[in-house]
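Architecture and fold: a report
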Amino acid sequence: MTTSIQRAARRSEITIDLGALRSNVRRLRAAAGEAELWAVVKADAYGHGAVDVARVALEEGAAALCVATAPEGEALRASFADARILVMGPLVPGEETFARESRLEIAVSRPEIPGGFPVHLKVDTGMGRYGMTEEEALSLSRDDVVGLMSHLATADEPDESFAREQLERFEKLAERFDGVVRHVANSAATLRFPDARFDAVRCGVALYGLSPFGNDPAEHGLEPVLSWRSHVAQAKELPAGASTGYGRRFRAERPTRIGLVPVGYADGFRRGLTGAEVLVGETRRRVVGTISMDSFAVELGDEPEGTPVTLLGDGILAEEHARTLGTINYEITCGIRVSAERAERKVRDG
Ligand SMILES: *Cc1c(COP(=O)(O)O)cnc(C)c1O
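Small disclaimer: the values here were computed from a predicted structure and weren't measured. (Residues numbered from 1 in each chain as written. Predicted model: local features only at pLDDT ≥ 70, side-chain atom pairs only at ≥ 80, totals over all residues. Heavy atoms only, no water.)

1. A closer look at helix α8 (residues 161-174)
So the rule is basically this: In this description a helix means any DSSP run of H or I spanning at least four residues, a strand means any run of E spanning at least two, and both kinds are numbered starting from the N terminus. A helix's residues, less one, multiplied by 1.5 Å, set its expected span. When accessible area is computed with a 1.4 Å probe and restricted to protein chains, residues below 20% of their type maximum are described as buried, those above 50% as exposed, and intermediate ones as partly exposed. What the arc covers is the set of directions going from the helix axis to the C-beta atoms. By definition, residues are in contact when any of their heavy atoms lie within 4.5 Å.
Compared with the 20 Å implied by 1.5 Å per residue over 14 residues, the 20 Å span of α8 between its first and last C-alpha is a close match. For α8, the full list of buried residues reads A163, Q166, L167, F170, L173 and A174. Along the axis of α8, the buried residues cluster in a sector spanning 125°; they form a single face. Opposite the buried face of α8, by more than 90 degrees, sit the exposed residues E168 and K172. Against α7 (134-138), β7 (145-149) and β8 (181-185) lie the buried residues of α8.

2. Digging into the domain arrangement of the chain
Interface size is commonly expressed as the accessible area that is lost once the parts come together. Stated formally: Annotation comment: domain bounds sourced from an automatic or database domain assignment. Two parts lose some accessible area (1.4 Å probe) when they are put together, and adding that loss for both gives the buried area. In the sections that follow, a salt bridge refers to a side-chain nitrogen of Lys or Arg positioned within 4 Å of a carboxyl oxygen of Asp or Glu. The term polar contact refers here to a pair of N or O atoms within 3.5 Å; inside protein, the definition further demands a hydrogen-donor-capable atom paired with an acceptor-capable atom, and it admits residues adjacent in sequence only when both atoms are side-chain atoms.
Each domain of the chain was delimited in the assignment, giving domain 1 (33-210) and domain 2 (226-348). For domain 1 versus domain 2, the separation of C-alpha centres amounts to 37 Å. With eight residues of domain 1 at the interface, the matching set in domain 2 holds nine residues. Here domain 1 packs against domain 2, burying approximately 800 Å² in sum over the two surfaces, 59% of which is carbon and sulfur. Among the residues of domain 1 in contact with domain 2, Y46, H48 and L210 are the three that bury the most area, contributing 53% of the side total. Here domain 1 and domain 2 share one salt bridge between them. In this structure, D52 and R345 form a salt bridge, with 2.8 Å as the shortest nitrogen-oxygen distance. Here domain 1 and domain 2 share three residue pairs in polar contact (both at pLDDT 80 or more) between them.

3. Regarding the pattern of salt bridges
Pairs may arise between side chains of opposite charge once their charged atoms sit close together. All chains considered together, the criterion is met by 27 salt bridges. Across the pair E13 and K346 runs a salt bridge, and its minimum N-O distance is 3.3 Å. Taken as a pair, E13 in strand β1 (residues 12-17) and K346 in strand β19 (residues 343-348) lie far apart in primary sequence, 333 residues in all. A relative accessible area of 18% places E13 in the buried class. The residue R22 makes a salt bridge to E60 at a minimum N-O spacing of 3.1 Å. Here the residue R22 occupies a position in helix α2 (residues 18-32), and E60 occupies one in the loop between α4 (50-59) and β3 (64-67), the gap between them amounting to 38 residues. Residues R22 and E60 agree in their burial class; the two are buried. Connected through salt bridges with shared partners, the residues R22, R26, D52, R55, E59, E60, R345 and D349 form a single ionic network.

4. So, helix α10 (residues 318-325)
Summarising burial for α10: six of the eight residues are buried, a large majority. When α10 is considered as a whole, its buried residues turn out to be A318, E319, E320, H321, A322 and L325. Where α10 is buried, its residues touch β15 (277-280), β16 (283-288), β18 (308-312) and α11 (329-334).

5. Brief notes about the sheet that holds strand β6 (residues 119-122)
What counts is decided by this rule: Pairing between strands is defined by DSSP: at least two bridges between them are needed. Comment: axis = line fitted to C-alpha atoms, over the contacting stretch for helices; angle = value between 0 and 180 degrees taken between N-to-C directions.
Strand order in the closed barrel formed by eight strands is β2-β3-β4-β5-β6-β7-β8-β9, and the pairing between neighbours is parallel. When strand polarity is set aside, the average angle formed by the axes of neighbouring strands in this sheet is 30°. Direction of pairing for β3 relative to strand β4 (residues 85-87): parallel, over a ladder of three bridges. Across the sheet, L65 pairs through a bridge with I85, a residue of β4.

6. As for the environment of I336
Tracing the sequence through the fold places I336 in the loop between α11 and β19. On the basis of relative accessible area, I336 is assigned to the buried category, the value being 8%. Each C-alpha atom, one on I336 and one on A266, is 8.5 Å from the other, the two residues being 70 residues apart in sequence. Not counting residues within four places of it along the chain, the set of residues in contact with I336 comprises I14, L226, W228, D267, G268, L312 and A343.

7. A short note on the layout of surface pockets
Worth spelling out the cut-off: A pocket here means an open set of points on a 1 Å grid, computed over the protein atoms alone, that has protein on both sides within 12 Å along at least five of seven lines. A cavity is instead a set of points where a 1.4 Å probe fits but cannot get out; residues with an atom within 4 Å of a point line either one. Grid points are joined across faces, edges and corners, and a volume is the space filled by probe spheres set on the points. Asp, Glu, Lys and Arg are counted as charged, while Ala, Val, Leu, Ile, Met, Phe, Trp, Tyr, Cys and Pro are counted as nonpolar; the rest, among them Gly, fall into the polar class.
When its volume is computed, the largest pocket comes out at roughly 680 Å³. Listed by contribution, the elements that provide at least two residues to the lining of the largest pocket are α3 (42-47), α9 (187-192), β9 (200-203), α10 and α11. Here the lining of the largest pocket gets three residues from one element, more than from any other, and that element is α10. Here the residues of the lining of the largest pocket sort into 19 nonpolar, ten polar and seven charged. Counting contributing residues per domain, the lining of the largest pocket is built from domain 1 (33-210) and domain 2 (226-348), each supplying no fewer than three.

Here it is as structure tokens:
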């Protein structure tokens, strides 16, 4: 490969730090106590790469993998012949055959249960999304029922009262399902409510070193797994009064050096990130002007062209970009477009 092709392929790159992932798995296993840790790797492991994440999670003692869809489960089965894989969302009509052949376990939200699967009864204890009633669950005592589950609507919110109500409803029902795996906790509940553990906990976001509470993950003993880097492709001097980008939303009050970074909203660096901070070299600097589809501008000191720019990682947290955008950290990593033409993906272990 020639240098120019290599450079062309690397507008930006994401690095997945498997050492950080291992440390988060251990942290969550400790938080889970006697309960099993199940690794939630839906949506390509929240943008981190499902196969690598699943492999490390299983190596570190996770007892099962959870995905949202049957095709996600089928794809994982190709790499993990023996792992327990649970599809938490409903199957789309027509998926039963390959889901069965892939030996997936399924969550069912209605009393009609397709045959030939290990089944987890998904009960709506207050999430108001997929899930059957407690009465329906109680009427379904069948041999193929291996699990009882529910999902919490507010485990990450300061007011605990609704989560506690849901846990009480689940607890009552769980007493009637002795002998099946009972699971309700997501990351937030695992870290916050010891009595939400039951037999297994289903952790996603915290595995990735992201805080389910939107604050600094270090406060929960978690390390971010994903970092995202690019570089200053071009530096330029804006004279006083000149602007950069669509809509002229940044105007230089005095002569100002800016750097153009070849990453934009098509890569997942969202258009609302004007004003966010990134690292130019080691220095925090402000994103200025409107983010374009394929590039954005950053204020510069005297950093030369080619200086690395860190969009996420080394202390630039997904949580702070989420705050700038009025969203949650989940959406930041899920939104990065990893491909040969955009963000290239690298994996580091140890
Ligand atoms: C996504 C999901 C989880 C994991 O939630 P986190 O907040 O990422 O830990 C757990 N259970 C269900 C049913 C989910 O859909």
